[in-house]
Amino acid sequence: MEDPITPSNASVQARLRSFVAVGDSFTEGLPDTHPDGRPRGWADLVAERLAAFEPTFRYANLAVRGRLMGQIGNVQAPAAAAMGPDLVAFAGGINDVARPNCDLDAVCEELVQCAAVLTASCRHVVTFQPMDYTRRMPSLQRFAPKVTKLMQAVERARVEHGVVVVDLSVERVFDDPRLWASDRVHLSYEGHRRVAEGVLEALGYEPLFDWRAELPPAKRPNRIVKKWSDIVWLVKYFAPWIKRRLTGTSSGDGVLPKRPNLLPLLEQTVTDVTDAVNNAVNSAGLAAAGLGGSLNNGGLGGALGDQAA
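Residues numbered from 1 in each chain as written. Predicted model: local features only at pLDDT ≥ 70, side-chain atom pairs only at ≥ 80, totals over all residues. Heavy atoms only, no water.

## Side note on helix 6 (residues 144-161)
The condition is simple: Numbering of helices and strands starts at the N terminus; helices are DSSP runs of H or I of at least 4 residues and strands are runs of E of at least 2. One less than the residue count of a helix, multiplied by 1.5 Å, gives the span that helix is expected to have. Each residue gets one of three labels from its accessible area relative to the maximum for its type: buried under 20%, exposed over 50%, partly exposed in between, using a 1.4 Å probe on protein chains only. Directions from the helix axis toward the C-beta atoms define the arc. Residue contacts are defined here by distance: any two heavy atoms, one from each residue, within 4.5 Å place the two residues in contact.
The terminal C-alpha atoms of helix 6, which comprises 18 residues, lie 25 Å apart, in line with the 26 Å expected from a rise of 1.5 Å per residue. Those residues of helix 6 not exposed but buried are Val147, Leu150, Ala153, Val154 and Ala157. Buried positions in helix 6, seen along its axis, are confined to an arc of 110 degrees and lie on one side of it. Across from the buried face of helix 6, at angles greater than 90 degrees, the exposed residues are Pro145 and Val159. Lining the buried residues of helix 6 we find helix 4 (94-97), helix 5 (104-119), strand 4 (124-129) and strand 5 (164-167). In the stretch just after helix 6, Gly162 is the one whose phi turns positive, near 75 degrees.

## What to know about the packing of helix 3 (residues 69-83) against helix 5
As a reminder of what qualifies: Angular values range over 0 to 180 degrees, each being the angle between N-to-C directions of two axes fitted as lines to C-alpha atoms, with helices fitted over their stretch in contact. Angles below 35 degrees are treated as roughly parallel, those above 145 as roughly antiparallel, those between 65 and 115 as roughly perpendicular, and all remaining angles as oblique. Under the convention adopted here, Pro, Cys and the residues Ala, Val, Leu, Ile, Met, Phe, Trp and Tyr are nonpolar, Asp, Glu, Lys and Arg are charged, and Gly plus all remaining residues are polar.
Where helix 3 contacts helix 5, the two axes come as close as 9 Å, and the packing angle between them is 5 degrees. One element, helix 3, and the other, helix 5, form an angle in the roughly parallel class. Between helix 3 and helix 5, the residues in contact are Met69, Gly70, Gly73, Ala77, Pro78, Ala80 and Ala81 and Val107, Glu110, Leu111, Cys114, Val117 and Leu118, respectively. Residue composition of the contact of helix 3 with helix 5, by class: ten nonpolar, two polar and one charged.

## Section: the pattern of salt bridges
One side chain can pair with another of opposite charge once the charged atoms of both are near each other. How we decide: One side-chain nitrogen of Lys or Arg within 4 Å of one carboxyl oxygen of Asp or Glu is enough to make a salt bridge.
All chains considered together, the criterion is met by 19 salt bridges. Between Lys258 and Asp44 there is a salt bridge, and its shortest N-O distance comes to 3.1 Å. Placement of Lys258 in the loop between helix 8 (223-247) and strand 6 (259-264) and of Asp44 in helix 2 (residues 41-51) is noted, with a sequence separation of 214 residues between them. Residue classification places Lys258 among the buried residues on the basis of a relative accessible area of 15%. The salt bridge partner of Glu155 is Arg158, with a shortest N-O separation of 2.5 Å. With Glu155 and Arg158 both in helix 6 and three residues apart, the pair spans about one turn of that helix. With relative accessibility at 33%, the residue Glu155 sits in the partly exposed group. In this structure, a network of salt bridges that share partners links the residues Asp132, Arg135, Arg172 and Asp175.

## Observations regarding the sheet that holds strand 1 (residues 18-22)
Our working definition: Strands were regarded as paired on the criterion that DSSP finds at least two bridges between them.
Ordered by their spatial adjacency, six strands build an open sheet running 5-4-3-1-2-6, and the pairing between neighbours is mixed. Here the strands that pair on one side only, and so sit at the sheet edges, are strand 5 and strand 6. Shown here is a sheet whose adjacent strand axes are inclined to one another by a mean of 15 degrees, direction ignored. Both strand 3 (residues 87-90) and strand 4 contribute to a ladder of three bridges, which runs parallel. The residue bridging Leu87 from the neighbouring strand is His124, located in strand 4. Here helix 7 (residues 189-202) sits on the sheet and contacts strand 4 and strand 5; the angle it forms with strand 5, its principal contact strand, is near 140 degrees.

## Here's the deal with the confidence of the model for the chain
Heads up, the rule is: For every residue, the predictor reports its confidence as pLDDT, a number between 0 and 100.
When the pLDDT values of the chain are averaged, the result is 82; 81% of them are 70 or greater. Predicted confidence is poor over residues 270-309, with pLDDT under 50, and the contacts of this stretch with residues over four places away or in other chains come to 39 contacts.

## Description of the packing of aromatic side chains
Inclusion rule: Two aromatic rings from Phe, Tyr or Trp, using only the six-membered ring of Trp, form a pair when their centres are within 6.5 Å; if the ring planes differ by under 30 degrees the pair is stacked, by over 60 it is edge-to-face, and anything between is tilted. Counting as a charge over the ring demands two things of the Lys NZ or Arg CZ atom: a distance within 6 Å of the ring centre and an angle within 35 degrees of the ring normal.
Counted according to the given criterion, the structure contains five aromatic pairs. With a centroid separation of 5.6 Å and 40 degrees between ring planes, the pair formed by Phe26 and Trp42 is classed as tilted. On the criterion of sequence distance, the pair formed by Phe26 in helix 1 (residues 25-28) and Trp42 in helix 2 is long-range, its members being 16 residues apart. Residue Phe26 is classed as buried on the basis of its relative accessible area, which comes to 18%. By relative accessible area, which is 0% here, Trp42 ends up buried. Arranged with centres 5.3 Å apart and planes meeting at 50 degrees, the rings of Tyr133 and Trp180 form a pair that is tilted. Of this pair, Tyr133 sits in the loop between strand 4 and helix 6 while Trp180 sits in the loop between strand 5 and helix 7, and the two are 47 residues apart along the sequence. Through pairs of rings, three or more aromatic residues link up here, namely Phe26, Trp42 and Phe128. Over the face of the ring belonging to Trp180 we find Arg136, whose NZ or CZ atom lies 3.9 Å from the ring centre. Seen from the ring of Phe209, Arg193 lies directly overhead, with NZ or CZ sitting 4.1 Å from the centre.

Dropping the structure here:
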């Protein structure tokens, strides 16, 4: 039987033995989760596919929700480069675009510089052209000129530094709301699954399914259901996003990378579970001592509950 993950062209000359992902909530994997509740997403799915054919495969994910391009380029990228992995994937800039006073020229330069730092130390570097949000959410059309400029920076990174670009902007399947979570900003599991397949294909691996294929037709919700859905979205997701913009806070405040170390996939998972158990025990002890409220109300727990970018 043909190895389904064997490279089908010259993009990847040898099996990849290590992978580091950097970026924001897109790369962290929100809101898709593992069965135990940890964030999963496309990068974890890519790692799982690669690890299935490489016993010593190692994986780190330094992405944190809400991060801006400067934070990705100045903090995450150097850390990833220092690990010297075979493969790095990075994505960023959309959070910057959504902020009204961002210096877009600086953001674009930071993106290109991020590519330079990573390609200097890593054999393969992957990035993305962002998805077209305007088909699903026409109100975002006002951001189109900024996104176009960001896309030009991605093209510069490809030309100047040889990064592999997964162009999601032209794939109309991402217009389907079923590929998106209830916040309408982050991908659902199906969306992450398709991005993972697109990354592997861009690297030269034989895809296991047609990730560009449209989903079967679905019944359109009636007007009342649609209106109620819009109201819920405004209250649950849009209003908190506006509040963060007004207060200068981020959904990533207090959140740490989910896989900070380049470790074998299973070993990292065991470490994550052990840490989670220890944190739960420590929190229980603090609560018993009357100190738990300050942590639960304003610290890491609050940040983890805030999933919008």
